[in-house]
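What the coordinates show
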Amino acid sequence: MNTDPSILSIENLSIAYDKDKLAVKNVSATIKKNAITAIMGPSGCGKTTLLRAINRMHELYPNISTEGKIKLYDENIYDMSTIKLRRKVGMVFQRPNPFPTLSIYENVIAGYKLNGINLKRSERDEIVETSLKNVALWEEVKNSLHKKGNFLSGGQQQRLCIARTLAFKPDVILLDEPTSALDPIATAKIEDLLVDLKQNYTIVLVTHNMTQAARISDNSMYMYLGELIEYDETTQIFTNPKHTSTQNYITGRFG
Amino acid sequence: MDKTNILLDKKRTEIIPDSFIGRNARNRLFLGVVIFFSVLTISMVFLIIGTMLFKGYHQINWAFFSQTPPNTFEAMMAKSSGNIIPGGIVNGILGSLYLVVIASLIAIPLGLLIGIYLYENSSKKYAGVIRDITDILQGVPSIVIGLIVYLWVVVNVTKGYSVLAGSVALALMMLPLIIRSTEESLKMIPDTLKEAAIALGTPYYKVILRVLIPTSFTGLMTGILLAISRILGETAPLMLTTLGNPAINWNITKPVGAVPLLIWQFYNDPNMVDLIWSSSLFLMGFVLILNLLSKWIGARRRI
């Protein structure tokens, strides 16, 4: 195990959509290992872009230009192959998106299947079981592993998507408002799950929900208009923010 | 306040009901007109099917599906002694299937690839041009397609009427349908699904092959089946490209029979009139089954 407490370091990252429309402006930050880091901010502040930049999903948008570096351990992710990077940095999206044509079992090992990695049957079974147990879904689906996942509830589907990400044994898991499409009970389950998962994974979470950030994150970033205004321990941010902009956002004056 | 809220303005809200006088009567009138024309359309369809069943059913027997057509003399003899016309249209059935299979082999892969290209590059100028050309191709009269293929294939490649020429003509007619239905059904897949695959590090060609195509499979199949049922009844381009053949033929460079061509031949022979109806009944039934099949597949669409 690497004892260095930081795993990702973002260095002077700027991302522009069109020539001069900056979505992320010169952001630098280091993200701690085995912790939950929340990114907050009002709509359009660049938090999703920043999150997507960590596994280069933002490059799917047309006319994007990126400056600066993000280092995973000591390797610049913009020099890595996206395939290798996305194996180490997994992503969970706003809406649960299991593959509708695959069974629950196949969904969990979809990463291996889609990348043409052949596993022995015993290995596959083990990965599926462990991943589903990690997201507390095993007991609920163990008798219907080979059925399609469309009978699952939204919360179960989202946990299946997290299991799919875990199955690839990533170092970092990125979550883009993972509970915004879920009801409060399903949300609570996912939050508990994330807190459990941070023992083994580093979690970066974009959230619109400030109380969620306060409940589960260790560190919080506050972004506004593409700039990283404040980045500190969550308790600091919520009890004693240094910037008035952060304070206004947290107290609900705007956002 | 100089600008009043239109929704709270009492004067205005009191005016509104007056303009709705007679609304129910107008509603009922409109509904009546709509129902009248729907029933008219539906009854047309039933009339067509009914006429064909009524006039064609007595010719439908095993021989109809297993034998080639009689010559005009045999038909005349049978008619004059009060029997049904002997023989059948097996050359046309097999020929039509042969043409459709070869046309599909040409049009389906090409149509899918172009459709995927259009979906992936929907905003590019070049894609717009292809889309326009596709629309134009769809609008080209089938007889013109027949003429062009006559020039290209009949004259220059097979040196005579052939299965290949007919299939190329039919493929040209299928192509725009498949291209557009492919693009449309791919567009229905939520982007999040594509993202899910990409976020797992999947190479892009595999996202297309393993995620997009399986997910939109029902849509793609519906488009293909509709395209096939569209070309099954085509007659004009086949007259100029495969001509017809009274015997069964499997040689791709030789002419072949087809059900719509046979209908045209029967129409021109007063002794064979009865076979027109049974052949039409067969063609119609086949197209109907394909249509129902595509509807059934479409209804099972998952996303």
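Refer to the structure presented above.
Note that the structure is a prediction, hence the values are computed from the model and not measured.

It is worth spelling out the overall build of chain A at this point. When helices and strands are tallied, chain A shows 11 helices and 10 strands. On C-alpha atoms alone, chain A measures out to a radius of gyration of 18 Å, which is about the 18 Å that the 2.2 N^0.38 rule sets for 255 residues. Each principal axis of the C-alpha atoms in chain A carries an extent, and together these give about 55 × 40 × 35 Å. When each of the 255 residues of chain A is scored for burial, the buried share is 53%. The contacts of chain A with a sequence gap of at least 6 include a subset with a gap of at least 24, amounting to 67%. Here chain A displays about 11500 Å² of accessible surface, and carbon together with sulfur accounts for 47% of that area. Each charge class in chain A was averaged separately, 31 positive and 28 negative side chains, and the resulting centres sit 5 Å apart.

In the structure shown here, the tally under the stated rule is 11 aromatic pairs over all chains. A ring pair is formed by Tyr117(B) and Tyr126(B), whose centres lie 6.1 Å apart and whose planes are at 80°; its orientation type is edge-to-face. On the basis of relative accessibility, which here comes to 28%, the residue Tyr117(B) falls in the partly exposed class. Sitting over the ring of Phe99(A), Arg164(A) keeps its end group 4.7 Å from the ring centre.

What follows covers the sheet that holds strand 5 (residues 75–76) of chain A. Residues and elements named next belong to chain A. Taken in spatial order, the four strands make up an open sheet running 2-1-4-5, and their pairing is antiparallel. Edge positions in the open sheet fall to strand 2 (22–32) and strand 5, since each of these has one partner strand only. Looking at chain direction, strand 4 (residues 65–72) and strand 5 are connected through two bridges and run antiparallel. Along strand 5, the bridge assignment pairs Leu72 with Glu75. Where helix 1 (residues 47–54) meets the sheet, it contacts strand 1 (6–16), strand 2 and strand 4, and its direction lies at approximately 120° from that of strand 1.

Residues and elements named next belong to chain A. In strand 6 (residues 89–92), alternate side chains face the same way, and those of Val89 and Met91 on one face and Gly90 and Val92 on the other are all buried. Pairing geometry for strand 6 and strand 7 (residues 172–176), over four bridges, is parallel. Counterpart to Gly90 in the pairing with strand 7 is Ile173.

Let's shift gears to the side chain of Asn55(A). As for its placement among the helices and strands, Asn55(A) is situated in the loop between helix 1 and strand 4. Those residues in contact with Asn55(A) that lie beyond four places of it in its chain are Leu85(A), Arg86(A), Val89(A), Gly90(A), Met91(A), Leu174(A) and Ala199(B).

Here we come to the interface of chain B and chain A. Taken together, the contact pairs 18 residues of chain B with 23 residues of chain A. A combined buried area of about 1800 Å² lies between chain B and chain A, and 66% of that area is made up of carbon and sulfur atoms. Notably, a salt bridge pairs Glu195(B) with Arg52(A), separated by 2.5 Å at the nearest N-O pair. Our count for the chain B to chain A interface comes out at three residue pairs in polar contact (both at pLDDT 80 or more). For the side of chain B that touches chain A, the secondary-structure elements that each account for two or more residues are helix 9 (191–199) and helix 10 (204–215) of chain B. Residues that form the side of chain B that touches chain A fall into these classes: 10 nonpolar, four polar and four charged.

What counts, and at which threshold
- Residues numbered from 1 in each chain as written.
- Chains lettered and ligands numbered in written order.
- Predicted model: local features only at pLDDT ≥ 70, side-chain atom pairs only at ≥ 80, totals over all residues.
- Heavy atoms only, no water.
- Helix = DSSP H or I, 4+ residues; strand = E, 2+ residues; numbered from the N terminus.
- Rg over C-alpha atoms; globule rule 2.2 N^0.38 Å.
- Buried < 20%, exposed > 50% of the residue type's maximum accessible area, 1.4 Å probe, protein only.
- Contact = heavy atoms within 4.5 Å.
- Areas by Shrake-Rupley, 256 points an atom, 1.4 Å probe, with all protein chains shown as cover.
- Lys, Arg positive; Asp, Glu negative; His and termini not counted.
- Charge placed at Lys NZ, Arg CZ, Asp CG, Glu CD.
- Phe/Tyr/Trp six-rings, centres within 6.5 Å; stacked < 30°, edge-to-face > 60°.
- Lys NZ or Arg CZ within 6 Å of the ring centre and 35° of its normal.
- Pairing = 2+ DSSP bridges.
- Axes fitted to C-alpha atoms, helices over the stretch in contact; angles between N-to-C directions.
- Buried area = accessible area lost by both parts, 1.4 Å probe.
- Salt bridge = Lys/Arg side-chain N within 4 Å of Asp/Glu carboxyl O.
- Polar contact = N/O pair within 3.5 Å; in protein donor to acceptor, adjacent residues only side chain to side chain.
- Nonpolar A, V, L, I, M, F, W, Y, C, P; charged D, E, K, R; others polar.

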